[in-house]
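# Residue-level structural notes
Here is how the chains run, residue by residue.
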Protein chains: 2
Amino acid sequence: MRGKKTRGQLIVLSGPSGVGKSTVISELLHEREDIYFSVSFTTRGPRVGEADGVNYNFVTREIFEAMIAGDELLEYAQYVGNYYGTSLKLIEEKLAAGVDVLLDIEVQGAAKVRQKCPDACFIFIIPPSFEELSRRLHGRNTDGEDVIAGRLEKAREEYRQIPNYDYLVVNDKVSQAAAEIIAILTAESCRTKNRMNLVEGV
Amino acid sequence: MRGKKTRGQLIVLSGPSGVGKSTVISELLHEREDIYFSVSFTTRGPRVGEADGVNYNFVTREIFEAMIAGDELLEYAQYVGNYYGTSLKLIEEKLAAGVDVLLDIEVQGAAKVRQKCPDACFIFIIPPSFEELSRRLHGRNTDGEDVIAGRLEKAREEYRQIPNYDYLVVNDKVSQAAAEIIAILTAESCRTKNRMNLVEGV
């Protein structure tokens, strides 16, 4: 195929806590090893099984606030008393090199990215139903009833932002959800505006 | 999955003569048997190997002009002295029943469909290069040098309409081109606006 490599695609994935986003992302990255998954920075402590640099970059509040002051973040938000944010520099380097970059961020952060990068591709993942979401949150065995009730309430709030997302994927079966996201990324790469370099004499 | 069946997607495919569109469409329909391929009406005579109702619905000029008068066409155009057009009624029935409908039409017709159906998905297929298009046109052994030169000239004109298409697919390998179109259709079905019926409480 002719033409130079175009800029990478920025993909923003959001969805309520418990929807199974990390599992879908694992499956996706397994199929599309060329995608760079941007690991967020956070001031919250690691949960059991979470590793620094894999699930999050775990940093102190001082370091995070220095990143804010240095304008080093594409977006950041506070959630349940902790900071969560995305490094701008690393993402920009990857996109410029033609690499697709995947961000897993909540709706507040996504709204900020939308302002700065309107060409990014915004995907929201939902469970088949709230009942199923509740079942999944209970199944994790990590939270008490009140925390789960809070997460479900939060999910309902997040749902109001769905119309701002380009695509909606239902995580009923993980393989199906991942396949739909892969199709979305293929389609985005086929957008005329991303491919005009392949057209002769225009 | 919850929710009622949404309206089908209208897909418009254009591309220069000789690009291999019919082969790509065959492959696509083989993979996605649920898609309804809208067979155009034409007043031109069948070429060797073309069957009525399969490649085109071959009709007389009188019948075609009666369809125009009866407002029965979604679009029609004249090309090298013959009429080509698309029946509105059949397409509307299929879309209403939730069936995806594929149209293979040239750029004039596509522009008319864009006015009437801005939500349709417009895909343009190009060859890897004009040199390759010329090679394919010669390979068909159906046209003389002057006709081929005319088709190449026509292709260059059609290329100016590419920016009006949502997606651009390069038919280098047929299987790859068909796979990209299938991904585009999957992505279109995942568009938030087509899936809001799956969201509870919104």
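One structure accompanies this document, and this report is about it. (Residues numbered from 1 in each chain as written. Chains lettered and ligands numbered in written order. Predicted model: local features only at pLDDT ≥ 70, side-chain atom pairs only at ≥ 80, totals over all residues. Heavy atoms only, no water.)

## Brief notes about the interface of chain B and chain A
Formally: The contact criterion used is simple: two residues touch if any of their non-hydrogen atoms lie within 4.5 Å. Summed over both partners, the accessible surface that disappears when two parts come together, traced with a 1.4 Å probe, is what is meant by buried area. We define a salt bridge as a side-chain nitrogen of Lys or Arg found within 4 Å of a carboxyl oxygen belonging to Asp or Glu. Per the convention used, a helix needs a DSSP run of H or I reaching at least four residues, while a strand needs a run of E reaching at least two, with both numbered from the N terminus. Any residue outside Ala, Val, Leu, Ile, Met, Phe, Trp, Tyr, Cys, Pro, Asp, Glu, Lys and Arg is labelled polar, Gly included; the first ten of those are nonpolar and the last four are charged.
Listed by partner, the interface residues are 30 residues for chain B and 30 residues for chain A. Together, B:L168, B:T192 and B:E200 form the three largest contributors to the area buried by chain B at its contact with chain A, with a combined 20%. Put simply, B:R195 and A:E180 hold a salt bridge, and the shortest N to O gap is 3.1 Å. Mapped by element, the contributors of at least two residues to the side of chain B that touches chain A are β9 (167-170), α7 (174-189) and α8 (192-195) of chain B. Class assignment of the residues belonging to the side of chain B that touches chain A gives a composition of 20 nonpolar, 3 polar and 7 charged.

## Describing the environment of A:S87
Residues and elements named next belong to chain A. Just so we agree on the cut-off: Here the term buried applies to any residue with accessible area under 20% of the maximum for its type, exposed to any over 50%, and partly exposed to those in between, with areas from a 1.4 Å probe on protein chains only.
Its location among the elements puts S87 in strand β6 (residues 82-87). In this structure S87 comes out as buried when scored by relative accessible area, which is 14%. Taking C-alpha positions, S87 is 8.5 Å from M67, a pair spaced 20 residues apart along the chain. In this structure S87 touches F41, E72, L73 and L74, once residues within four positions along its chain are discounted.

## Here we look at the packing of helix α1 (residues 21-31) of chain A against helix α7 (residues 174-189) of chain A
Residues and elements named next belong to chain A. Heads up, the rule is: Axis definition: a line fit to C-alpha positions, over the contact stretch in the case of helices; interaxial angles, taken between N-to-C directions, run 0 to 180 degrees. Put simply, angles under 35 degrees are roughly parallel, angles over 145 are roughly antiparallel, angles from 65 to 115 are roughly perpendicular, and the rest are oblique. Note on convention: near helix rotated counterclockwise from far helix by under a right angle means a left-handed crossing. Clockwise means right-handed.
α7 packs onto α1 with a crossing angle of 55 degrees between their chain directions and a minimal axis gap of 9 Å. When the axis of α1 is compared with that of α7, the two are oblique. Judged by the twist between their axes, the crossing of α1 over α7 is right-handed. When α1 is examined against α7, the residues T23, V24, E27, L28 and E31 are found in contact with a partner set consisting of V174, S175, A177, A178, I181, I182 and L185. Along the lines of polarity and charge, the residues of the contact of α1 with α7 split into 8 nonpolar, 2 polar and 2 charged.

## Describing the side chain of B:S14
Residue and element names in this part refer to chain B. Relative to the elements of secondary structure, S14 occurs in strand β1 (residues 10-14). Residue class for S14 comes out buried when judged on its relative accessible area of 0%. Excluding its chain neighbours within four sequence positions, the residues that come into contact with S14 are K21, I105, E106, V107, A110, I123, F124, I125 and Y165.

## What to know about the nonpolar core
What tends to happen in soluble globular proteins is that the nonpolar side chains get buried as a cluster. This is how it is decided: Put simply, a nonpolar core is a bunch of buried Ala, Val, Leu, Ile, Met, Phe, Trp, Tyr and Cys residues held in one set by side-chain atoms that sit within 4.5 Å of each other.
Within the largest apolar cluster, 96 residues are counted, with the highest numbers of intra-cluster contacts made by A:L103, A:I123, A:I181, B:L103, B:I123 and B:I181. Apart from the residues lying within four places of it in its own chain, the contact partners of B:L103 are B:L10, B:I11, B:V12, B:L13, B:S38, B:L74, B:T86, B:I91 and B:V113.

## Looking at the relation of the copies chain B and chain A
Quick reminder of the rule: The superposition of copies rests on a least-squares fit of C-alpha positions from residues with pLDDT of 70 or more in both.
Each copy superposes on the other: chain B lies on chain A with an RMSD of 0.0 Å after a rotation of 180 degrees and an axial shift of 0.0 Å. These values place the two chain copies in the arrangement generated by a two-fold rotation axis. If distances are taken from each C-alpha of chain B to the rotation axis, the shortest is found for B:A183, at 2.2 Å. A shared binding surface is used by both copies, with 100% of the interface residues of chain B retained as interface residues in chain A.

## What to know about the sheet that holds strand β2 (residues 36-38) of chain A
Residue and element names in this part refer to chain A. The condition that has to hold: A pair of strands is labelled paired if DSSP reports no fewer than 2 bridges between them.
Strand order in the open sheet formed by 5 strands is β2-β7-β1-β8-β9, with parallel pairing between adjacent strands. Looking at which strands have only one partner, the edges of the open sheet turn out to be β2 and β9 (167-170). Sheet twist, expressed as the average angle between the axes of neighbouring strands with direction ignored, equals 25 degrees. In this structure, strand β8 (residues 121-126) lies alongside β9, joined through 4 bridges in parallel fashion. Within β9, the residue paired with I126 across the bridge is V170.

## Considering the pairing of strand β6 (residues 82-87) of chain B
Residue and element names in this part refer to chain B. Within β6, 5 of the 6 residues are buried, which leaves it mostly tucked inside the rest of the structure. Across 6 bridges, the pairing between strand β5 (residues 73-79) and β6 is antiparallel. Pairing of E75 across the sheet is with T86, part of β6. Connecting β5 to the antiparallel partner β6 that follows it, the hairpin turn spans 2 residues, and V80 within it adopts a positive phi of roughly 45 degrees.

## Quick look at unusual backbone geometry
All names here are of chain A. Here the phi dihedral of D71 falls at roughly 60 degrees; this positive angle occurs in a residue that is not glycine. Relative to the helices and strands, D71 is located in the loop between α2 (61-69) and β5 (73-79). Residue D71 is classed as exposed on the basis of its relative accessible area, which comes to 60%.

## With respect to the packing of aromatic side chains
Selection rule: Ring pairs are drawn from Phe, Tyr and Trp, using the six-membered ring of Trp, whenever the two centres fall within 6.5 Å, and their geometry is named by plane angle: stacked under 30 degrees, edge-to-face over 60, tilted for the rest.
Per the stated rule, a full pass over the model turns up 20 aromatic pairs over all chains. Ring centres of A:F64 and A:Y76 lie 6.2 Å apart, and the angle between their planes is 70 degrees; on these two criteria the pair is classed as edge-to-face. Of the two residues, A:F64 sits in helix α2 while A:Y76 sits in strand β5, which places them 12 residues apart along the sequence. Taking the centre distance of 4.8 Å and the plane angle of 35 degrees together, the rings of B:F130 and B:Y159 count as tilted.

## A closer look at helix α5 (residues 130-139) of chain B
Residue and element names in this part refer to chain B. Among the residues of α5, F130, E132, L133, S134, R136 and L137 are the ones counted as buried. Turning to α5, the residues buried within the fold contact α6 (145-159). Of the residues trailing α5, N141 is marked for its positive phi of about 55 degrees.

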